[in-house]
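Listed below are the residues making up each chain.
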Number of protein chains: 2
Amino acid sequence: MTIDRAVAEKLDAEDPLAHLRDEFVIEDDALIYLDGNSLGRLPEASRDRVRQVLEDDWGGHLIRSWPDRWLELPQRIGDLIGTRLLGAAIGEVIMGDSTTVALYKAISAALDARAERRVVVIEADNFPTDRYIVESLAQQRDLEIRWVTESGSEGVTLERLDEVIDPSVAVVVLSHVDYRSAALLDMAAMTRAIHDVGALGVWDLCHSVGVVPIDLSRDGVDVAVGCTYKYLNGGPGAPSFTYVDRALQPSLQQPIWGWWGRQDMFEMGPGYDPQPDMRSWLSGTPGVLSLAAVEPGVAMIADAGVAAIRAKSVALTELALRLYDDWLAPAGAVLASPRNPDRRGSHLTVTHPDAQHAMPHLVAAGVIPDFRRPDGIRMGFAPLTTRFVDVHDGLAELRAIL
Amino acid sequence: MTIDRAVAEKLDAEDPLAHLRDEFVIEDDALIYLDGNSLGRLPEASRDRVRQVLEDDWGGHLIRSWPDRWLELPQRIGDLIGTRLLGAAIGEVIMGDSTTVALYKAISAALDARAERRVVVIEADNFPTDRYIVESLAQQRDLEIRWVTESGSEGVTLERLDEVIDPSVAVVVLSHVDYRSAALLDMAAMTRAIHDVGALGVWDLCHSVGVVPIDLSRDGVDVAVGCTYKYLNGGPGAPSFTYVDRALQPSLQQPIWGWWGRQDMFEMGPGYDPQPDMRSWLSGTPGVLSLAAVEPGVAMIADAGVAAIRAKSVALTELALRLYDDWLAPAGAVLASPRNPDRRGSHLTVTHPDAQHAMPHLVAAGVIPDFRRPDGIRMGFAPLTTRFVDVHDGLAELRAIL
């Protein structure tokens with residue numbers, strides 16, 4: 001039974017988050033943007049904030065902005081993300097470098113804390129940068145990498161994980177939501193399994209933060225890293241955040257010692273002596289324009305509430321799944337994401353032999369999903385800006401092209 | 001003989017670079033800003049560029065800006081800096097992470113290339129982050145750190161360097177211009193001395209790039225890192241650049257392997273396989289707002305010409321030195337910078353027992369230098385925006401307060 005567009009229109013009319021779209025800069029209201037999970041849209045408040053940092057802070061207040069306005073940003077924004085989106089306490093999250101550098105630091109510190117163990121476990125299909133970071137650290141330390149494979153579109157299961165972990169494992173690196181399939185892992189159960197063998201877990205939250213409920217404290221998570229330019233709308237290449245369980249903080253030391261991580265940094269004294277808190281995870285001077293742009297989007301998401309965002313996210317992906325069944329599967333597309341919404345993030349990937357050829361036609365028709373080689377079309381649904389009619393019209397266009 | 005303000009006014013009237021000040025955002029023309037070596041002022045073109053990236057690229061063009069506008073920025077801006085300011089060839093410089101992370105990568109790669117040697121040499125008074133990075137790498141690799149001390153305000157001499165280097169030394173880390181004294185090292189002679197013992201040199205260009213002539217190719221430099229938020233006016237926490245001599249590129253591998261450094265990054269394939277060029281020094285996604293802001297300031301400096309900028313810089317510091325002799329030395333200040341302009345960068349530091357107490361009075365009077373504990377007042381002269389009357393009036397205020 002084909003879904004009428006009126007169904008999508010009705011869902012939009014009843015959507016309690018619909019008004020939030022008006023708080024974003026949207027030049028072309030007809031554009032169907034299904035890539036908010038790669039680069040989230042620009043909130044008007046972020047535009048205003050960057051202008052203010054640029055012109056008032058840098059242009060006018062100059063160097064005085066460091067003590068007066070900027071120095072606290074890594075902690076303040078980190079705590080905002082931590083307490084409102086991650087279930088963390090004050091002082092457990094800090095903003096940092098790129099996600100890649102943050103992963104390097106986090107995994108390196110975790111490996112140091114299990115230095116007597118020689119194995120690091122990571123998903124074979126984890127995001128490339130996670131895998132490459134593990135490869136670099138494994139080479140530097142002569143460690144064995146043990147790959148855990150996915151169980152089809154359901155992602156890594158607890159059973160698969162259990163098969164590869166044992167007391168030789170130092171660290172396990174997992175993505176909360178898979179960047180291709182959107183498989184959502186059971187963070188609590190897997191963390192227990194990791195702890196059962198005495199290992200530490202490092203979670204990549206890039207594709208879950210801001211759109212999936214996360215409670216790192218409840219789930220006993222050791223270390224987590226996430227990016228802010230997807231569902232948090234932080235802007236292109238916006239800095240990452242790092243979470244470290246407070247109980248672990250004294251025993252984890254990140255490897256890139258810089259002046260921002262040292263106690264009393266303006267003393268500029270001899271010998272590195274790390275800050276007693278999450279500031280010890282800082283290395284160099286943060287890029288303020290990129291950093292400051294993160295805060296308004298996070299605040300908006302925190303105010304909307306992750307529960308409400310998750311509810312809309314599930315409704316968006318469920319609508320897309322019904323349209324896939326009706327329109328795309330008959331056209332030869334294959335679902336590469338979990339059917340169970342409880343095990344799925346906020347995007348859907350379908351594969352099709354003609355996916356690569358379809359992409360330019362989709363873009364020309366005003367529909368922007370993401371292409372994942374060799375044959376995947378990834379549709380990301382950002383609940384703050386994606387309308388139900390976007391899902392309907394975008395998939396209708398995809399059907400027409402396929 | 002006291003210098004009359006008319007002397008400074010005449011120098012301004014004859015200054016061929018004076019018109020460039022009009023190309024900056026200057027809210028308060030009376031402010032005497034002597035901290036352009038800590039945070040350079042905002043060029044109008046940079047303000048416009050950030051607005052464009054923010055609103056047109058992010059807000060409007062969205063994810064399509066990556067292939068169309070952003071992906072090439074690290075190389076394009078790196079090459080602009082390299083070819084116009086560093087005497088490098090195309091393909092020898094790339095933009096990267098924070099200066100601290102860039103130093104970590106550069107020193108780590110250089111140490112790997114001399115893995116059989118167990119000593120790393122660094123100035124005892126080098127900028128803190130350089131020292132802390134060397135400490136972290138030395139601890140991770142169980143290396144000996146050999147400190148080279150300065151010869152008073154003249155900085156590290158070739159003789160001092162020769163005393164500490166020998167064939168056990170893997171890497172020598174030096175700052176081209178000292179962040180406190182402004183001592184300008186002889187890059188060519190020191191690089192020869194480093195090579196004579198078979199070591200590699202890593203140069204920190206933070207306080208020299210854009211204001212002192214640099215010719216890395218001529219001087220045979222191996223690796224260099226510099227920051228863009230001082231004399232290059234790139235904005236708060238703007239990203240660093242890294243130079244690697246082309247001949248060394250195949251043998252130096254940076255340690256933080258990320259998706260941006262991998263060949264054919266969107267293949268997202270298994271196994272890290274580095275780019276065949278300076279892109280192998282990239283790790284994660286760059287912060288585009290901070291990165292894009294760097295280009296206009298660099299272009300302005302390149303167009304003005306480092307030779308002309310250096311000439312004005314020397315004239316500014318020479319004027320300050322005369323005023324120091326006339327006004328500050330009699331008030332108990334002590335010069336902590338070289339007298340010889342050929343061995344001096346673009347700032348002057350004076351020490352005074354009451355320096356710390358003087359700072360708030362100076363700021364209240366509209367004069368902004370930098371304070372360096374325990375008793376240093378550092379006056380930075382940015383030739384594109386600092387007027388000769390600023391030097392006169394700023395030092396007059398300092399005299400009055402001391």
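Just so we're clear, the structure is a prediction, and the values are computed from it rather than from any experiment.

J.: Tell me what's going on with the relation of the copies chain A and chain B, and back it up with residues and numbers.
T.: When chain A is fitted to chain B, the best match, at an RMSD of 0.0 Å, comes from turning it 180 degrees and sliding it 0.0 Å along the axis. The two molecules are tied by a two-fold rotation axis, judged by turn and shift. The share of interface residues of chain A whose copies in chain B are also at the interface is 100%, consistent with both copies meeting through the same surface.

J.: Give me the lowdown on the interface of chain A and chain B, citing residues and values where you can.
T.: Facing 56 residues of chain A, the contacting portion of chain B comprises 56 residues. At the level of secondary structure, the elements contributing two or more residues to the side of chain A that touches chain B comprise α2 (44–61), α5 (99–113), α6 (128–141) and α9 (288–292) of chain A. In the side of chain A that touches chain B, the residues fall into 30 nonpolar, 17 polar and nine charged.

J.: Go over the packing of helix α2 (residues 44–61) of chain B against helix α10 (residues 294–304) of chain B, please, and point to the residues and values.
T.: All names here are of chain B. Packing of α2 against α10 brings their axes to within 7 Å, and their N-to-C directions diverge by 150 degrees. With respect to α10, the axis of α2 lies roughly antiparallel. α10 is crossed by α2, and the crossing has right-handed handedness. Of the residues in α10, those touching α2 at A45, S46 and R49 are E295, P296, G297 and M300. Taken together, the residues of the contact of α2 with α10 break down into three nonpolar, two polar and two charged.

J.: Now, about unusual backbone geometry: what can you tell me, with residues and values included?
T.: Going from R373(A) to P374(A), the amide bond is cis rather than trans, its omega being 5 degrees. A positive phi is found at M268(A), a non-glycine position, where the angle reads about 55 degrees. Looking at the element boundaries, M268(A) is found in the loop between β8 (241–244) and α9. For L62(B), which is not glycine, the phi dihedral falls at a positive 50 degrees. Checked against the element boundaries, L62(B) lands in the loop between α2 and α3 (65–70).

J.: How would you summarise helix α13 (residues 388–401) of chain A if you had to cite specific residues and measurements?
T.: Residues and elements named next belong to chain A. With 14 residues, α13 extends 20 Å from end C-alpha to end C-alpha; this agrees with the ideal 20 Å at 1.5 Å per step. Listed in full, the buried residues belonging to α13 are F388, D390, V391, H392, G394, L395 and L398. Buried residues along α13 sit against α1 (5–13), β1 (32–33), α11 (306–328), α12 (355–364), β11 (367–368) and β13 (376–380).

J.: Residues and numbers for the pairing of strand β7 (residues 223–226) of chain A, please.
T.: All names here are of chain A. Side chains of β7 alternate between two faces, with V223 and V225 and A224 and G226 buried alike. In terms of strand pairing, strand β6 (residues 200–204) meets β7 through three bridges, oriented parallel. Each residue of the ladder has a partner; that of V202, found in β7, is V223. When β7 meets β8, the two strands line up antiparallel, connected through four bridges. Paired with V225 across the strands is T242, a residue of β8.

J.: Just give me the short version of the sheet that holds strand β2 (residues 93–95) of chain B, but keep the residues and values in it.
T.: Residues and elements named next belong to chain B. Sheet architecture is open: seven strands sit in the order β2-β8-β7-β6-β5-β3-β4, paired in mixed fashion. At either end of the open sheet lies a strand with only one pairing partner, and these are β2 and β4 (144–148). Sheet twist, expressed as the mean angle between neighbouring strand axes with direction ignored, is 20 degrees. As judged from the three bridges shared by β2 and strand β8 (residues 241–244), these two strands associate in the antiparallel manner. Following the sheet pairing, V93 is matched in β8 by Y243. The strands touched by helix α5 (residues 99–113) within the sheet are β3 (119–123), β5 (169–175), β6 (200–204), β7 (223–226) and β8, with β7 carrying the most contacts at an inclination of about 170 degrees.

J.: So, the confidence of the model for chain A: which residues are in play, and what are the values?
T.: Taken over all residues, the pLDDT of chain A has a mean of 97, while the share at 70 or more is 100%. We note a pTM of 0.98 for the whole complex and an ipTM of 0.97 for its interfaces.

J.: Now, about α5(A): what can you tell me, with residues and values included?
T.: End to end, α5(A) covers 21 Å across 15 residues, agreeing with the expected 21 Å (1.5 Å per residue, within 8%). Extensive coverage of α5(A) is indicated by the burial of 13 of its 15 residues.

J.: Report on the environment of Q140(A), specifying residues and quantitative values.
T.: Residue and element names in this part refer to chain A. Tracing the backbone through its elements, the reader meets Q140 in helix α6. You can call Q140 partly exposed: it has 17 C-beta atoms within 10 Å. Sequence separation between Q140 and H176 is 36 residues; the distance between their C-alpha atoms is 26 Å.

J.: Pulling in residues and values, what's your account of the sheet that holds β13(A)?
T.: Each strand in a sheet pairs with another by means of backbone hydrogen bonds, the pair being arranged parallel or else antiparallel. Residues and elements named next belong to chain A. Overall, antiparallel pairing links the four strands, which are arranged β9-β10-β13-β12 in an open sheet. Lying at the two open borders of the sheet, with one neighbouring strand each, are β9 (334–335) and β12 (370–372). Bridge count between β12 and β13: three bridges; the pairing is antiparallel. Bridge assignment links R372 to a residue of β13, and that residue is G376. Docked against the sheet, α11 engages β9, β10 (347–351) and β13, running at close to 20 degrees with respect to β10.

J.: Please give an account of the domain arrangement of chain A that cites residues and values.
T.: Residue and element names in this part refer to chain A. Per the domain assignment, the segments of chain A are domain 1 (5–43 + 305–401) and domain 2 (71–302). With 30 residues of domain 1 at the contact, the number on the domain 2 side is 24 residues. Mapped onto the side of domain 1 that touches domain 2, the elements with two or more residues apiece are α11, β10 and β13. Ranked by residue count, the leading element in the side of domain 1 that touches domain 2 is α11, at five residues. Here the residues of the side of domain 1 that touches domain 2 are counted per class, giving twelve nonpolar, eleven polar and seven charged.

J.: Please set out the environment of T99(A) residue by residue, giving values where relevant.
T.: For T99(A), the position within the fold is in helix α5. For the pair T99(A) and C227(A), spaced 128 residues apart in sequence, the C-alpha to C-alpha distance is 5.9 Å.

The rules behind each value
- Residues numbered from 1 in each chain as written.
- Chains lettered and ligands numbered in written order.
- Predicted model: local features only at pLDDT ≥ 70, side-chain atom pairs only at ≥ 80, totals over all residues.
- Least-squares fit on C-alpha atoms with pLDDT ≥ 70 in both.
- Contact = placed C-beta atoms within 7 Å.
- Helix = DSSP H or I, 4+ residues; strand = E, 2+ residues; numbered from the N terminus.
- Nonpolar A, V, L, I, M, F, W, Y, C, P; charged D, E, K, R; others polar.
- Axes fitted to C-alpha atoms, helices over the stretch in contact; angles between N-to-C directions.
- Parallel < 35°, antiparallel > 145°, perpendicular 65-115°, else oblique.
- Left-handed = near helix turned anticlockwise from the far one by under 90°.
- Expected span 1.5 Å × (residues − 1).
- Buried ≥ 20, exposed ≤ 12 C-beta atoms within 10 Å, placed from the backbone.
- Pairing = 2+ DSSP bridges.
- pLDDT = per-residue confidence, 0-100.
- Domains from an automatic or database assignment.

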